[in-house]
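# Summary of structural features
The chain contents come next:
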Amino acid sequence: MSFYSDVSSEDMSDELETLGWYHYDLSRHAAEALLLSNGSDGSYLLRNSNEGPGCFALSVRAKDSVKHFHVTRKDKDGYVFGFNKFASLQDFINHFANQPLLGSDAGTLIVLKCPYPWRVEEPSIYESVRVHTAIQTGRTENDLVPNAPSLGTKEGYLVKQGAFVKNWKQRWFTLNRYELKYFKDKMCEEPIRTLDLRACSAVQFDYSQDRVNCFCLVFPERTFYLCAKTGVEADEWIKILRWKLSQIRKGR
């Protein structure tokens, strides 16, 4: 079924500005981290695609993965998804809200259930502090997680040593849940490799390489050597990776 109407470019632009779940220039990796960490099955959001003006991506959480679908905007035809055309983006969502959406060649079906808002409002339920004292519990600072990211995710460029030819190449890394993925560069959609941190035994600074700001991840079959631009950045990666390992050991 197709939908057509006379929709001007200005009207379409205004519609996007008022759409509460349009996340502008949110990257593919960040969308995946956001939906997997805070969303639920069927959560979705719209973001810009790197394929050019008028191109968007609908990112949808499907259980433990995130699927991405092309959406294009055309002045005369409104929004185009696959073989269907919709007068407005809301028509698009209304049409698919209660129908399965084919998510992969394997036949995965996804139902669009709830949009993930761009701005999450926090209720005003704060109270004034009346008493503030410390209770001796026997815990130490080692029991706490300093500067733990709220979503437990991180991404950025690191320089990685090759497995066979011991040269160093810059790669884009993303950390989400217990998976550390690295890509040829930030724009690539498919990772070169995914490391399961549940198999990692240690993360530590490394001084064996002829480079600064290096750290390593120890796996049964191989030790991965990585270098950050600064010591602060290397320390941030080590802290969050070690926190991930501690959560794994606690069975969380």
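Please refer to the structure higher up on the page.
Residues numbered from 1 in each chain as written. Predicted model: local features only at pLDDT ≥ 70, side-chain atom pairs only at ≥ 80, totals over all residues. Heavy atoms only, no water.

### Examining the packing of aromatic side chains
In the structure shown here, the tally under the stated rule is nine aromatic pairs. Both rings, one in Trp21 and one in Tyr44, keep their centres 5.1 Å apart while their planes meet at 90°; by these two values the pair is edge-to-face. Here the residue Trp21 occupies a position in the loop between α1 (9-18) and α2 (28-38), and Tyr44 occupies one in strand β1 (residues 43-48), the gap between them amounting to 23 residues. The pair formed by Trp21 and Tyr44 is uniform in burial state, with each residue classed as buried. Each ring, one from Phe69 and one from Phe81, has its centre 6.1 Å from the other, and the planes form 65°; the classification is edge-to-face. In this pair, Phe69 sits in strand β3 (residues 65-74) while Phe81 sits in strand β4 (residues 78-81), placing the two residues twelve residues apart along the sequence. The buried category is assigned to Phe69, whose relative accessible area is 9%. What links up through ring pairs into an aromatic cluster is the set Tyr22, Tyr24, Phe56 and Trp118. Lying across the ring of Trp237, Lys154 places its NZ or CZ 5.2 Å from the centre. (Phe/Tyr/Trp six-rings, centres within 6.5 Å; stacked < 30°, edge-to-face > 60°. Helix = DSSP H or I, 4+ residues; strand = E, 2+ residues; numbered from the N terminus. Buried < 20%, exposed > 50% of the residue type's maximum accessible area, 1.4 Å probe, protein only. Lys NZ or Arg CZ within 6 Å of the ring centre and 35° of its normal.)

### Here we look at the sheet that holds strand β15 (residues 223-227)
Read from one edge of the open sheet, seven strands run β12-β11-β10-β9-β15-β14-β13, paired in antiparallel fashion. Taken across any chain shown, the strands that pair with only one partner, and hence form the sheet edges, are β12 (193-196) and β13 (202-205). Strand after strand, the sheet turns through a mean of 35° between neighbouring axes, direction not considered. Across five bridges, the pairing between strand β14 (residues 214-218) and β15 is antiparallel. Of the residues in β15, the one forming a bridge with Val218 is Thr223. α2 contacts β9 (154-161), β10 (168-176) and β11 (179-183) of the sheet and is inclined by roughly 25° relative to β10. (Pairing = 2+ DSSP bridges. Axes fitted to C-alpha atoms, helices over the stretch in contact; angles between N-to-C directions. Contact = heavy atoms within 4.5 Å.)

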